[in-house]
Amino acid sequence: MGALRADRGVCIGAGMCVMTDSAVFDQDDDGIVVLLEEDPDTDGKVRAAVDACPSGALSITED
Ligand code: SF4
């Protein structure tokens, strides 16, 4: 299982990740992504959110 990373400097606040999995992703007052879980299961919805992010801010590093 890989590790989820979110680069807040790259995020454009599109909110696709929150719409895809609101248990793992949130947005701060500026709309920038915040991770709600440090080490979520990176299969399923989290991977779909990474794929849906239009800015490439989200990634999964395989270990
Ligand atoms: S989908 Fe990507 S750009 Fe949009 S809020 Fe989430 S991390 Fe940021």
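Here, the structure is the one placed above.
Residues numbered from 1 in each chain as written. Predicted model: local features only at pLDDT ≥ 70, side-chain atom pairs only at ≥ 80, totals over all residues. Heavy atoms only, no water.

Caption draft 1: Layout of the environment of Arg47. Within the fold, Arg47 resides in helix 2 (residues 45-52). Assessed through its relative accessible area of 32%, Arg47 is described here as partly exposed. When the C-alpha atoms of Arg47 and Thr20 are compared, they prove to be 9.6 Å apart, with 27 residues separating the residues in sequence. For Arg47, the contacting residues outside a window of four places in its chain are Thr42, Ile60 and Glu62. (Helix = DSSP H or I, 4+ residues; strand = E, 2+ residues; numbered from the N terminus. Buried < 20%, exposed > 50% of the residue type's maximum accessible area, 1.4 Å probe, protein only. Contact = heavy atoms within 4.5 Å.)

Caption draft 2: Seen up close, the nonpolar core. Counting residues in each nonpolar core, the largest one holds 15 residues, and the members touching the most others are Leu4, Cys17, Phe25, Val33, Val46 and Leu58. If one sorts the elements of this core by residue count, helix 2 sits on top with 3 residues. For Val33, the residues in contact, after removing those within four places along its chain, are Ala6, Arg8, Cys11, Cys17, Phe25, Asp26, Gln27 and Leu58. (Core = buried A, V, L, I, M, F, W, Y, C linked by side-chain atoms within 4.5 Å.)

Caption draft 3: Examining the side chain of Thr42 more closely. Here Thr42 lies in the loop between strand 3 (33-35) and helix 2. The class for Thr42 is buried, based on a relative accessible area of 0%. Within the structure, Thr42 has its side chain in polar contact with the backbone oxygen of Gly2 (distance 3.3 Å). (Polar contact = N/O pair within 3.5 Å; in protein donor to acceptor, adjacent residues only side chain to side chain.)

Caption draft 4: Layout of the pattern of salt bridges. Throughout the structure, instances matching the rule amount to 2 salt bridges. Between Arg8 and Asp28 there is a salt bridge, with the nearest N and O atoms lying 2.9 Å from each other. Taken together, the positions of Arg8 in the loop between strand 1 (3-6) and helix 1 (16-20) and Asp28 in the loop between strand 2 (25-27) and strand 3 put the pair 20 residues apart, joining distant regions of the chain. Of the residues examined, Arg8 reaches a relative accessible area of 42% and is grouped as partly exposed. (Salt bridge = Lys/Arg side-chain N within 4 Å of Asp/Glu carboxyl O.)

Read these as layout, nothing more, since geometry by itself doesn't imply function.
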